[in-house]
Amino acid sequence: MKINRPHHTQMNPYQKQLNQQTEARTHQAKDKLEISPQAKQMQENDSVSPMRQKLGEQIKHDVNTGNYQVDAGTSAKKMIDFFSNKE
């Protein structure tokens, strides 16, 4: 003969955990990205100046024609300054 104590229910002790797991599966959050108005404005104003555009086209032309010359000493000095944070 089985004797039940008062206030004893026939509940699975792991039922709460199972309920939480199923609830978590149904309420999984989706990734969301929000861009601030300031960032949107920066993207709209991010146009290349005509002078810079012309310089880029000139460098492309010089590279394609083989006329682009690089001063190795100046490039090396700038790299050393950059990586040693001397800028």
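Residues numbered from 1 in each chain as written. Predicted model: local features only at pLDDT ≥ 70, side-chain atom pairs only at ≥ 80, totals over all residues. Heavy atoms only, no water.

Now for the overall build of the chain. Helix and strand content of the chain: 4 helices and 0 strands. In sequence order, the chain lays out its α and β elements as α-α-α-α. Looking at the chain as a whole, 1% of its 87 residues qualify as buried. (Helix = DSSP H or I, 4+ residues; strand = E, 2+ residues; numbered from the N terminus. Buried < 20%, exposed > 50% of the residue type's maximum accessible area, 1.4 Å probe, protein only.)

Let us look at helix H3 (residues 50-65). Between the first and last C-alpha of H3 there are 22 Å, a value that for 16 residues agrees with the 22 Å anticipated at 1.5 Å per step. Gly66 sits one or two residues past H3 and shows a positive phi near 85°. (Expected span 1.5 Å × (residues − 1).)

Further remarks concern a nonpolar patch on the surface. Residues Leu55, Ile59, Val63, Tyr68 and Val70 make up a contiguous nonpolar surface patch of about 460 Å² in total accessible area. Tracing the backbone shows Leu55 in helix H3. (Patch = residues over 30% accessible without salt bridge, like charges linked within 9 Å, V, L, I, M, F, W, Y side chains within 5 Å. Areas by Shrake-Rupley, 256 points an atom, 1.4 Å probe, with all protein chains shown as cover. Salt bridge = Lys/Arg side-chain N within 4 Å of Asp/Glu carboxyl O.)

Scanning the model with the defined rule gives 2 salt bridges in all. For the salt bridge of Lys32 with Glu34, the shortest nitrogen-to-oxygen distance reads 3.5 Å. Residue Lys32 shares its accessibility class with Glu34, and that shared class is exposed. Put simply, Asp81 and Lys77 hold a salt bridge, and the shortest N to O gap is 3.0 Å. Of the two residues, Asp81 and Lys77 both sit in helix H4 (residues 72-83), 4 residues apart, roughly one turn of that helix.

With that out of the way, let us pick up the packing of aromatic side chains. Here the structure, examined in full by the defined rule, presents 1 aromatic pair. For the ring pair Phe82 and Phe83, a centre distance of 5.0 Å and an interplane angle of 85° mean the geometry is edge-to-face. (Phe/Tyr/Trp six-rings, centres within 6.5 Å; stacked < 30°, edge-to-face > 60°.)

Functional significance is not addressed by these values, which are geometric in nature.
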